[in-house]
Amino acid sequence: VPTPRTRSSVGKMKIVMCFWLGVVVVGLAYMFAVVAVGR
Amino acid sequence: VSGVARLRQHGLSIFFAVAFLLALGGQSVAGLAAFNEEQLEHGAAAVSYLDFVTSSDFVVDVAENWQSEFLQFFLFIWATVWLVQKGSPESKKPGDEGTGTDEEQLVGEHARPDSPAWAKVRGARGWVYSNSLLLVMGAIFVLSWLAQAVAGTVVYNDEQATHGQPPVSFVGYLGSADFWNRSLQNWQSELLAVGCMVAFSIFLRQRGSSESKPVGTPHSTAAVESE
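Report on the accompanying structure. (Residues numbered from 1 in each chain as written. Chains lettered and ligands numbered in written order. Predicted model: local features only at pLDDT ≥ 70, side-chain atom pairs only at ≥ 80, totals over all residues. Heavy atoms only, no water.)

Points about the overall build of chain A
Thought 1: Of the regular secondary structure elements, chain A holds one helix and zero strands.
Thought 2: Put simply, chain A has 39 residues, and 18% of those count as buried.
Thought 3: Summed over all atoms, the accessible surface of chain A reaches about 2,900 Å², with 78% contributed by carbon and sulfur. (Helix = DSSP H or I, 4+ residues; strand = E, 2+ residues; numbered from the N terminus. Buried < 20%, exposed > 50% of the residue type's maximum accessible area, 1.4 Å probe, protein only. Areas by Shrake-Rupley, 256 points an atom, 1.4 Å probe, with all protein chains shown as cover.)

Some remarks on the interface of chain A and chain B
Thought 1: On the side of chain B, 26 residues touch chain A, which itself brings 17 residues to the contact.
Thought 2: When chain A packs against chain B, the two sides together hide about 1,800 Å² of surface, and 77% of this comes from carbon and sulfur.
Thought 3: Here chain A is connected to chain B by zero salt bridges.
Thought 4: For the pair chain A and chain B, the interface holds one residue pair in polar contact (both at pLDDT 80 or more).
Thought 5: The residue inventory of the side of chain A that touches chain B, partitioned by class, reads 13 nonpolar, one polar and three charged. (Contact = heavy atoms within 4.5 Å. Buried area = accessible area lost by both parts, 1.4 Å probe. Salt bridge = Lys/Arg side-chain N within 4 Å of Asp/Glu carboxyl O. Polar contact = N/O pair within 3.5 Å; in protein donor to acceptor, adjacent residues only side chain to side chain. Nonpolar A, V, L, I, M, F, W, Y, C, P; charged D, E, K, R; others polar.)

As for the side chain of Glu190(B)
All names here are of chain B.
Thought 1: Positionally, Glu190 belongs in helix 10 (residues 177-203).
Thought 2: Buried and unpaired, Glu190 has no salt bridge, with Arg182 as the nearest side chain of opposite charge at 14 Å.
Thought 3: In contact with Glu190, not counting residues within four places along its chain, are Ser68, Glu69 and Gln72. (Lys, Arg positive; Asp, Glu negative; His and termini not counted.)

In structure tokens form, the structure reads like this:
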């Protein structure tokens, strides 16, 4: 059974995963937005 | 655990995040300088930093490198399921090719109490989770390549207009030398580097790196076997 400590440590690792996924998603969205406005 | 000690647990991510942002910032500054040099050579006006980073010229350069990196990892993850390289720490040992048994993979009824929830179920959710790394890397590759193609069409047609040539369609650009030159020049370097990493790590070592076998491990032994 996960203890509060291991749960919080998984939470920190989730932040790391979400950060990198966020970088990629924001990056791709930005690139598609630029080409969508035809620049 | 102190704040610094907690940050150190994520040092690899933090180092690469900072290095990525510095490199992307550097690319935007150097890219602007190169772009404006060409503008002036053609007697056109220089553009601002904001104009450049919101242009297809900047996007196509970012996207073509993104797609090749994600293709590299997609192929590496996929190929290491089915193929092995004797002695390489990047590989499973010969004979272990394939997706492994449910018992080895701790899925379904073989999952542990602390296994991820989606590893405990079968069906679509179990399949998706079992392939989630490959699916996400593949999706990012396809989307980056698409962004490269769309932005590349805009840049290519700008150049066509400058030289008094007719524009090409998106599909027409997909068959153009420019599109494949941009794609393949990135792919060849990624494939070379992966091949070198797989082969060099049989005989060469970096003490302390998770990418290397321990220094004294025999050449014919993969890191997995030595454990």
